[in-house]
Amino acid sequence: MLKNNKKENYSFKRIIKNLLLFILVSILTFSCGGSGKIKTNPAQGKDKGYIFYPSLPNMPRYQYLKTFSTSDDIKKKKSKFFKFVAGADQEKPKVIKKAYGVDIYDGVIYVCDFGSGVVSVLDLKDRSFGFIGLSGSGKLQRPINLKVDKENKLLYVTDMRRRQVIVYTLKGKPVKFYGKTDQFAPSDVDFHGNKLFVCDVKEHCVHVLDKESGETLYKIGKAGSSEGELFHPTNICIHNERLYVSETTNFRVSIFDLKGKFITMYGELGKRPGNFSRNKGIAVDKEGRIYVVDAAFQNLQVFSPEFELLLFFLKGGMARDNIYMPAAVTIDYDNIEYFKEYISPKFKAEYLLFVTSHFGINKVNVYAFGSFQK
């Protein structure tokens, strides 16, 4: 009789644990709140269909470049003669089902595919499409976000179901694991020096770990809505000795120093430009401009370092420059050369923006920030 009671208690705990995981994953992957739609129309170039933002007569600062959703988007196109001689390619294209975190290093794009439970690897040099986390000790289950350690050439991936941060070589070999049983529910990761910052959507905080030992040094934030408190933080980024935290159900961004001291916060629930409804991915450029994607508004908002709204653009839809429930945004200064063929001769690109969409046909969209030459 006692054994049966233990089995029932274990089953009940397991049901509760799975239910909690489902709720946390839903926060990360489904849209809610705020029905307002903020739209801007791009300037459509007459030559080659270049798409710029904002609309003319304003001076464009962004250009849509390219979308990656399947292996067909990265393959080198075959000539009509080759197709005639060799016949049609019978191999089914590899697809990104549900994109979340994204980063790029040395011409290789890494994408968390939440739907397939892998990291998709798009090599722009070799025109190849591969995967990380398919099997073995590094097998992924629910990868959410990732970050490339460019100095040490390592890839950090957060997995919500494994409740771990898994570290791989850039070739996909697992080399380190962070996270003990129920230590955290990691939704994002970043690093600075010998410290690893792990965003925890369950405990409403950011764990700061020693990169060598994996031990928790301290925590930033706790559940709440007051200054210095967090509620369902889903995405983080570190810039200029500051930690930026996107709080999805507090509808704001909070900023701390790297020791955990609260600096400031911005945002509230609403339908007007500058408001948030389902803010997720966040990135900061070298000038301190802050980018925040919103899954409900289906847009990308750009703020000054003082959180003055500079621009909001992009919209939901199936056009080639559209997004659909965006999840993450990443800034890159080092890989513009791989996108030169898509950049208008009239546009001088300074850096790239990668925006992922959880649904729709466009999973990873690439845009350039720069200046338009009349």
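See the structure above.
Presented here is an overview of the structure given in this document. Nothing here was measured: the structure is a model prediction, and the numbers come from that model.

**Description of unusual backbone geometry**
In the segment running from Tyr53 into Pro54, the intervening peptide bond is cis, with an omega of -5°. Positionally, Pro54 belongs in the loop between β2 (51-53) and β3 (62-68). Even without being glycine, Asp106 reaches a positive phi, approximately 50°. Considering the arrangement of structural elements, one finds Asp106 in the loop between β4 (99-105) and β5 (108-113). Judged by relative accessible area, which is 42%, Asp106 ranks as partly exposed. Even without being a glycine, Asn240 presents a positive backbone phi close to 50°. Its location among the elements puts Asn240 in the loop between β16 (233-239) and β17 (242-247). With relative accessibility at 63%, the residue Asn240 sits in the exposed group.

**A look at a nonpolar patch on the surface**
Side chains of Met318, Tyr324 and Ile361 sit close together on the surface and give an oily, nonpolar patch of about 300 Å² of accessible area. Among the structural elements, Met318 can be located in the loop between β23 (309-313) and β24 (326-332).

**Some thoughts on the sheet that holds strand β21 (residues 290-294)**
The sheet built from four strands is open, its strands ordered β20-β21-β22-β23 with antiparallel pairing. The open sheet has two edge strands with one neighbour each: β20 (279-284) and β23. Across the sheet, the axes of successive neighbouring strands diverge by a mean angle of 20°, strand direction being ignored. Alignment of β20 against β21, held across four bridges, turns out to be antiparallel. Across the sheet, Ala283 pairs through a bridge with Tyr291, a residue of β21.

**Topic: the packing of aromatic side chains**
We describe a pair of aromatic rings using the distance from one ring centre to the other and the angle between the two ring planes. Inspection of the entire model under this criterion finds 25 aromatic pairs. Here Tyr50 and Phe52 contribute two aromatic rings whose centre-to-centre distance is 6.3 Å and whose plane-to-plane angle is 45°, an arrangement assigned as tilted. With respect to class, Tyr50 is no different from Phe52; both count as buried. The lysine or arginine in question, Lys286, covers the ring of Tyr333, its NZ or CZ lying 4.1 Å from the ring centre.

**Section: the layout of surface pockets**
Reported here for the largest pocket is a volume of approximately 850 Å³. In terms of lining residues, the largest pocket is bounded by 38 residues, among which Lys147, Asp190, Ile238, Val284 and Ile331 are the most central. Those elements that provide at least two residues to the lining of the largest pocket are β4, β8 (143-149), β12 (186-192), β16, β20 and β24. Residue composition of the lining of the largest pocket, by class: 15 nonpolar, ten polar and 13 charged.

**Let's talk about the sheet that holds strand β14 (residues 205-210)**
On the basis of which strands lie adjacent, the open sheet formed by four strands has the order β12-β13-β14-β15 and antiparallel pairing. The sheet terminates laterally at β12 and β15 (216-220), the two strands that pair on one side only. Averaged over all pairs of adjacent strands, the angle between strand axes in this sheet comes to 20°, irrespective of strand direction. One ladder, built from six bridges, connects β12 with strand β13 (residues 195-200); its direction is antiparallel. Bridged to His192 within β13 is Lys195.

Procedures and definitions
- Once a new chain begins, its residue numbering starts again from 1 and follows that chain's sequence as written.
- Local features in this predicted model are restricted to residues whose pLDDT is 70 or higher, and side-chain atom pairs enter the listing and the counts only when it is 80 or higher, whereas totals over whole chains, interfaces and linings include all residues.
- No hydrogens and no water enter the side-chain calculation; it runs on all heavy atoms of the structure.
- Helix numbers and strand numbers start at the N terminus; a helix is a DSSP run of H or I with at least 4 residues, a strand a run of E with at least 2.
- Think of it in three bands: with a 1.4 Å probe and only protein chains considered, a residue is buried below 20% of the maximum accessible area for its type, exposed above 50%, and partly exposed in between.
- Nonpolar side chains (Val, Leu, Ile, Met, Phe, Trp, Tyr) are joined into patches within 5 Å and like charges within 9 Å, using only residues with over 30% relative accessible area and no salt bridge.
- To be clear on the numbers: accessible area is Shrake-Rupley with a 1.4 Å probe, and residue cover counts the displayed protein chains and nothing else.
- Here, a salt bridge means any side-chain nitrogen of Lys or Arg that lies within 4 Å of a carboxyl oxygen of Asp or Glu.
- A pair of strands counts as paired when DSSP detects no fewer than two bridges linking them.
- To obtain each axis, a line is fitted to C-alpha atoms, and for helices this fit is confined to the stretch in contact; angles are then taken between N-to-C directions over 0 to 180 degrees.
- Stacked, edge-to-face and tilted are the three classes for Phe, Tyr and Trp ring pairs, Trp counted by its six-membered ring, which pair at centre distances within 6.5 Å; planes under 30 degrees apart are stacked, over 60 edge-to-face, the rest tilted.
- Both a distance and an angle decide whether a charge sits over a ring: NZ of Lys or CZ of Arg must be within 6 Å of the ring centre and within 35 degrees of the ring normal.
- The definitions used throughout rest on a 1 Å grid laid over the protein atoms alone, on which a cavity is an enclosed set of points accommodating a 1.4 Å probe that cannot get out and a pocket is an open set flanked by protein within 12 Å on both sides along at least five of seven lines; lining residues are those having an atom within 4 Å of a point.
- Grid points are joined across faces, edges and corners, and a volume is the space filled by probe spheres set on the points.
- Amino acids are sorted into nonpolar (Ala, Val, Leu, Ile, Met, Phe, Trp, Tyr, Cys and Pro), charged (Asp, Glu, Lys and Arg) and polar (every other residue, Gly among them).

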